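Below are the chains, spelled out letter by letter.
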Amino acid sequence: MPASGHHLDPRLLRAFLAVAEELHFTRAAARLYVAQQALSRDVRRLERDLGAELFVRSTRQVTLTADGERLVPYARRALQAQDELLAAFGQARPLLVDLNSPGLATGRRVLHRARELVPELELMARYESGLTYAAGELLAGRLDASFGRFAGLDPALRSGLDHQPVRYEPMAVVLPEDHPLAALEAVPLAALAGECVYAGAGNPRTPEWTDLARRLFEGRGIEVASPAPLAVGDEEFQRIMAKTRNPILVVVDFPAMPATVRRPLVDPVPLSPVSLVWRKGLVHPGFDALRRAALELSVEEEWLRRPAGGWVPASEPDECPQLSTLHAHNLLVRYIRTLSTV
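These figures come from a predicted structure and were not determined experimentally. (Residues numbered from 1 in each chain as written. Predicted model: local features only at pLDDT ≥ 70, side-chain atom pairs only at ≥ 80, totals over all residues. Heavy atoms only, no water.)

A. Spatial organisation of the pairing of strand E10 (residues 248-251). What you see with E10 is no split at all: Ile 248 and Val 250 on one side and Leu 249 and Val 251 on the other are buried throughout. Direction of pairing for strand E6 (residues 161-176) relative to E10: antiparallel, over a ladder of four bridges. Directly across from Met 171, in E10, lies its bridge partner Val 251. (Buried < 20%, exposed > 50% of the residue type's maximum accessible area, 1.4 Å probe, protein only. Helix = DSSP H or I, 4+ residues; strand = E, 2+ residues; numbered from the N terminus. Pairing = 2+ DSSP bridges.)

In structure tokens:
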């Protein structure tokens, strides 16, 4: 332990935690946007200050020592306390909010409303493509919040996260403009029988979406299309989809794609439950604004009201309960009162 009067630089604790979570100096350095040599120097300095070896290093792997394991919870609590102190005096770091993909409306509108509520703070958008991938980033501290289907996450991921229902988002299908169903204003689910519909199968970032599609298609004669090459960026995604010509399962505000049409699905109207998701214990004034913005929009837009005949998976109600507009309004009032007493 450090000698009496020693001061531990929080930067050293952040360096330690990054390596402890990544168990890889190169990845930890990239995560902190520092040179690997600087990161190694900070870790060695922390080890000297504490008088303890924190990592076992070899050419193949990095592992925590017993002292390193013991330090992890203390380091997390110390850095959390520092974040809370800075936030209390208006020195909050940027809040990093994942919106999944550019063009999707739900998360973007919540973020814009939150920015209006706290214009003095910095709320930064990120685009991680899927909630499963974002959940790992949340737990590692590289993201603060994301949006998506919480019930679709692996239980091991959910255990370290919390969520707030935001919207039942109606689903749609993107079709090639010369597809026989493109002439319809809305596509009944039964009309997709015999089709292979792309729903992200094989994409390790979005298994929660593929799972939702499988539940929707079950018993309706609709197949989930085989995995396509993983495309990075809108242009590559559009190119791959143009080659496969599979219909694509999307939400109603999915951005337009060349040579395609987007049609809402009906009979029944399938709904994608969207939650605001964050790691447990997150403290940040920008996050308070994000939660309030989500509640306000849920009330104003009646985002949590299910349309008559709306479909959600049988497993979903416990994770994302239906809220009436009045219930959501009462939640908002209680939450605002809570904020006012902090």
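B. Local environment of the pairing of E6. For E6, the tally of buried residues reaches 14 of 16 residues, placing the bulk of the element in the interior. Two elements, E6 and strand E12 (residues 271-279), share nine bridges in a ladder whose sense is antiparallel. Along E12, the bridge assignment pairs His 163 with Val 277. Across five bridges, E6 lies against strand E11 (residues 260-266) in antiparallel orientation. Considered in E11, the bridge of Pro 176 is made with Thr 260.

C. Representation of the packing of helix H1 (residues 10-22) against helix H3 (residues 36-50) in the model. Between H1 and H3, whose axes approach to 9 Å, the crossing angle comes to 110°. What the angle tells us is that H1 and H3 run roughly perpendicular. Of the residues in H3, those touching H1 at Arg 11, Leu 12, Leu 13, Ala 15, Phe 16 and Val 19 are Leu 39, Asp 42, Val 43, Arg 45, Leu 46 and Asp 49. A class-by-class count of the residues in the contact of H1 with H3 yields eight nonpolar, no polar and four charged. (Axes fitted to C-alpha atoms, helices over the stretch in contact; angles between N-to-C directions. Parallel < 35°, antiparallel > 145°, perpendicular 65-115°, else oblique. Contact = heavy atoms within 4.5 Å. Nonpolar A, V, L, I, M, F, W, Y, C, P; charged D, E, K, R; others polar.)

D. H1, seen in detail. Compared with the 18 Å implied by 1.5 Å per residue over 13 residues, the 18 Å span of H1 between its first and last C-alpha is a close match. Of the positions making up H1, those classed as buried are Leu 12, Leu 13, Ala 15, Phe 16, Leu 17, Ala 18, Val 19, Ala 20 and Glu 22. Of the residues one or two after H1, Leu 23 is the one with positive phi, at around 50°. (Expected span 1.5 Å × (residues − 1).)

E. View of the pattern of salt bridges. For the structure shown, the criterion picks out 23 salt bridges. Glu 22 serves as the salt-bridge partner of Arg 27, at 3.4 Å between the closest nitrogen and oxygen. By relative accessible area, Arg 27 is classed as partly exposed at 43%. Arg 215 is paired through a salt bridge with Asp 211; the nearest N and O atoms lie 2.8 Å apart. (Salt bridge = Lys/Arg side-chain N within 4 Å of Asp/Glu carboxyl O.)

F. Structural context of the side chain of Arg 149. Along the chain, Arg 149 falls in the loop between strand E5 (145-148) and helix H7 (155-158). Assessed through its relative accessible area of 4%, Arg 149 is described here as buried. Within polar-contact distance, the side chain of Arg 149 engages the backbone oxygen of Glu 208 at 2.9 Å. (Polar contact = N/O pair within 3.5 Å; in protein donor to acceptor, adjacent residues only side chain to side chain.)

G. Seen up close, the environment of Thr 210. On the secondary structure map, Thr 210 appears in helix H8 (residues 207-217). What makes Thr 210 buried here is its relative accessible area of 5%. Along the backbone, Thr 210 and Ala 199 are 11 residues apart, and their C-alpha atoms lie at a distance of 5.3 Å. Excluding residues that lie within four positions of it along the chain, Thr 210 makes contacts with Ala 199, Gly 200, Ala 201 and Val 224. Separated by 2.8 Å, the side chain of Thr 210 and the backbone oxygen of Ala 199 make a polar contact.

H. Quick look at H8. Buried within H8 we find Glu 208, Trp 209, Thr 210, Leu 212, Ala 213, Leu 216 and Phe 217. Looking at the buried side of H8, the elements it contacts are helix H6 (131-139), E6, strand E8 (196-197), strand E9 (223-224), E10 and E12. Positive phi shows up at Gly 219, right after H8, with a value of about 80°.

I. Geometry of the packing of helix H5 (residues 105-117) against helix H10 (residues 285-300). Closest axis-to-axis distance for the H5/H10 pair is 8 Å, and the angle between their directions is 120°. With respect to each other, H5 and H10 are oriented oblique. Judged by the twist between their axes, the crossing of H5 over H10 is right-handed. Where H5 approaches H10, its residues Arg 109, Val 110, Leu 111, Arg 113, Ala 114 and Leu 117 are matched on the opposing element by Ala 289, Leu 290, Arg 292, Ala 293, Ala 294, Glu 296, Leu 297 and Glu 300. Along the lines of polarity and charge, the residues of the contact of H5 with H10 split into nine nonpolar, no polar and five charged. (Left-handed = near helix turned anticlockwise from the far one by under 90°.)

J. Highlighting the environment of Gly 281. Among the structural elements, Gly 281 can be located in the loop between E12 and H10. The partly exposed category is assigned to Gly 281, whose relative accessible area is 49%. When the C-alpha atoms of Gly 281 and Gly 160 are compared, they prove to be 9.2 Å apart, with 121 residues separating the residues in sequence.

K. Region of the structure containing unusual backbone geometry. In this model, Asp 267 is joined to Pro 268 through a cis peptide bond whose omega is 0°. Backbone geometry places Asn 100, a non-glycine residue, at a positive phi of 70°. Positionally, Asn 100 belongs in the loop between strand E3 (95-98) and H5. On the basis of relative accessible area, Asn 100 is assigned to the buried category, the value being 14%. Not every positive phi belongs to a glycine, and Glu 302 is a case in point at roughly 55°. Residue position: Glu 302 is located in the loop between H10 and helix H11 (325-341). Here Glu 302 falls in the partly exposed class, since its relative accessible area comes to 37%.

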